[in-house]
Amino acid sequence: KAMQKSIQPLPAPATMEDVTRLQAAIKQAKDAQLPAEVIEKAEKMLLKHEDEFQRLRALTMIQQALYRLDRNQDDYVDRSEWERLKQIFDPSEWEPTVFDELWVKLDRWGKKKLEYEVFADFLLHGEDDVTKLVKDIVFKPPHGTEGLLGIFGPRLLEASTSVDFMIPTVKALDDIDVIGIFFCTVTTIDQTLYPLTLVEETKEKRRDVSRFRNFIRREGEEYESLPKLAKKFEVVVCSFDTTEQGYMKTVGNPPWLVMPHDATWERDHLWRKYNHMLKHHTDTALFIIRPDGSVITKKGLDDINVAPQLEDKLWEKAFLKWCDMLNPPKKELTPPPEEKEEAQPA
């Protein structure tokens with residue numbers, strides 16, 4: 001019965017889970033010595049599943065690559081955005097002249113812009129150089145450096161979404177001990193706006209994080225009279241929205257630092273650096289990290305989600321708990337117990 005179900009066509013393109021499940025079913029069928037024609041039919045279906053999965057994976061990679069390249073998110077890559085590849089990739093990886101050649105090859109109709117369909121056409125027809133470039137774009141960090149610059153990129157917006165309020169990342173976070181990254185989005189990868197209920201839920205979480213930040217930093221009339229804390233705290237908002245409209249809804253009126261809208265490569269890289277730790281990659285989350293990027297907790301939202309009457313007490317407690325984890329104690333290697341010598345027979 002399991003095999004009969006496994007060899008039915010899927011209602012949607014195959015996923016890795018479908019491929020793995022069918023592989024296991026075929027192995028069990030062989031062990032159980034099911035009829036050869038049933039196994040043969042399942043193996044043909046497995047090849048189809050694998051092809052569908054690889055095709056879907058390739059198209060998803062194109063979406064991600066274009067998202068990184070399309071800095072103004074107008075749904076295509078123009079020549080100035082394409083030229084940025086020469087700055088990101090070292091000549092030892094890609095010769096600058098190769099990008100010029102690929103542009104001519106991809107822009108064969110002379111539109112002076114590259115759209116999703118262009119990449120899909122070349123990729124699905126097995127163009128090796130295009131395939132390699134798409135993969136390299138997807139897996140390439142935007143900056144080959146460590147520390148704050150490698151995490152957030154060279155610049156952040158300070159308490160604004162306007163490019164007029166740019167501040168160097170190192171200057172903005174240089175003396176900060178504990179950093180919160182607020183990951184959020186209200187748009188899907190295909191640029192569809194989330195349902196209104198989810199948009200409102202994201203706004204509520206953003207308000208909670210904003211109030212918590214102001215409390216810890218002792219900013220605003222409500223908190224400025226409280227004694228200062230020893231460690232410094234700041235929040236950086238990383239929206240992974242696919243439209244400017246969604247980005248503005250997500251970021252709102254920020255009191256904090258924001259990753260710029262046109263820093264698409266940096267925003268995508270930062271999100272993917274941490275999203276594998278979440279149950280669902282697109283969940284709204286507050287990661288608490290050290291300045292080197294290592295994670296203190298991914299459950300910052302849970303830690304600050306307390307009853308209003310207990311906020312002052314429990315918020316400070318949560319922050320102090322994070323501070324205690326800044327320098328986790330090194331595990332001491334315990335020496336193995338000494339072996340007792342057995343008494344020699346007389």
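Note that the structure is predicted; figures quoted are calculated from it, not measured.

## Considering the pairing of strand 5 (residues 178-184)
Among the 7 residues in strand 5, 7 count as buried, and that is most of the element. In strand 5, alternate side chains face the same way, and those of V178, G180, F182 and C184 on one face and I179, I181 and F183 on the other are all buried. Of the strand pairs in this sheet, strand 5 and strand 6 (residues 233-239) are connected by 7 bridges, and their pairing is parallel. When the sheet's bridge partners are listed, F182 is paired in strand 6 with V237. Looking at chain direction, strand 5 and strand 8 (residues 285-289) are connected through 5 bridges and run antiparallel. If you follow F183 over to strand 8, its bridge partner there is A285.

## Focus on the layout of surface pockets
When its volume is computed, the largest pocket comes out at roughly 840 Å³. In terms of lining residues, the largest pocket is bounded by 27 residues, among which T60, Q64, W271, R272 and H281 are the most central. Going through the elements one at a time, helix 3 (36-69), helix 8 (128-139) and helix 13 (264-274) are the ones with two or more residues in the lining of the largest pocket. The element best represented in the lining of the largest pocket is helix 3, accounting for 9 residues. In the lining of the largest pocket, the residues fall into 10 nonpolar, 12 polar and 5 charged.

## Describing the sheet that holds strand 9 (residues 295-297)
Across the sheet, which stays open at both edges, the 7 strands sit in the order 4-3-7-6-5-8-9 with mixed pairing between neighbours. Of all strands in the sheet, those with a lone pairing partner are strand 4 (166-168) and strand 9, marking the two edges. For strand 8 and strand 9, the ladder comprises 2 bridges, and the chain directions are antiparallel. Bridged to I288 within strand 9 is T297.

## Overview of the state of the cysteines
By the definition in use, this model includes 0 disulfides. The closest cysteine sulfur to the non-disulfide-bonded C238 is located on C184, 7.8 Å from its own sulfur.

## Re the pairing of strand 3 (residues 155-158)
For strand 3 and strand 4, the ladder comprises 3 bridges, and the chain directions are antiparallel. The residue of strand 4 that forms the bridge with R155 is P168. Of the strand pairs in this sheet, strand 3 and strand 7 (residues 257-258) are connected by 2 bridges, and their pairing is antiparallel. Its bridge partner lying in strand 7, L157 is registered against V258.

## A closer look at the nonpolar core
Nonpolar side chains in soluble globular proteins tend to end up buried together. The biggest cluster of nonpolar side chains holds 28 residues, and the ones touching the most others in it are W82, L85, F89, L106, F119, V134 and I137. Elements with a contribution of two residues or more to this core: helix 3, helix 5 (85-88), helix 6 (96-106), helix 7 (116-124) and helix 8. Once residues lying within four places of it in the same chain are set aside, the contact partners of V134 are M61, I62, A65, F119 and L123. With 27 residues, the next largest nonpolar core counts I216, F233, V235 and L286 among its residues.

## What to know about helix 8
For helix 8, built from 12 residues, the straight-helix expectation of 16 Å at 1.5 Å per residue is met to within 8% by its first-to-last C-alpha distance of 17 Å. Regarding helix 8, the residues found buried are V130, L133, V134, I137 and V138. Across the axial projection of helix 8, the buried residues extend over an arc of 135°, all falling on one side. Of the exposed residues in helix 8, the ones pointing more than 90 degrees away from its buried face are D128 and F139.

## Points about the confidence of the model for the protein
Atom-level detail of predicted coordinates should not be read off regions where pLDDT is low. Of the residues in the protein, 89% have a pLDDT of 70 or more, and the chain-wide mean is 84. A low-confidence stretch, residues 339-346 (pLDDT under 50), is modelled with 0 contacts involving residues beyond four sequence positions or located in other chains.

## Some thoughts on the side chain of E234
Residue placement: E234 occurs in strand 6. Polar contacts involving the side chain of E234 include one to the side chain of R217, which spans 3.5 Å. Once residues within four sequence positions are removed from consideration, E234 is found in contact with L173, I176, V178, I179, G180, R213, R217, W256 and L257.

## Here we look at unusual backbone geometry
Positive phi is not limited to glycine here, since D75 has a value of about 80°. Looking at the element boundaries, D75 is found in the loop between helix 3 and strand 1 (77-78). One non-glycine residue, R218, lies in the positive phi region at around 60°. Examined against the element boundaries, R218 turns out to sit in the loop between helix 11 (196-217) and strand 6. For R218, a relative accessible area of 4% translates into the label buried.

Calculation rules
- Residues numbered from 1 in each chain as written.
- Predicted model: local features only at pLDDT ≥ 70, side-chain atom pairs only at ≥ 80, totals over all residues.
- Heavy atoms only, no water.
- Buried < 20%, exposed > 50% of the residue type's maximum accessible area, 1.4 Å probe, protein only.
- Helix = DSSP H or I, 4+ residues; strand = E, 2+ residues; numbered from the N terminus.
- Pairing = 2+ DSSP bridges.
- 1 Å grid on protein atoms, 1.4 Å probe; cavity = no way out; pocket = protein on both sides within 12 Å on 5 of 7 lines; lining within 4 Å.
- Points joined across faces, edges and corners; volume = space filled by probe spheres on them.
- Nonpolar A, V, L, I, M, F, W, Y, C, P; charged D, E, K, R; others polar.
- Disulfide = S-S within 2.5 Å.
- Core = buried A, V, L, I, M, F, W, Y, C linked by side-chain atoms within 4.5 Å.
- Contact = heavy atoms within 4.5 Å.
- Expected span 1.5 Å × (residues − 1).
- Arc of directions from axis to C-beta.
- pLDDT = per-residue confidence, 0-100.
- Polar contact = N/O pair within 3.5 Å; in protein donor to acceptor, adjacent residues only side chain to side chain.

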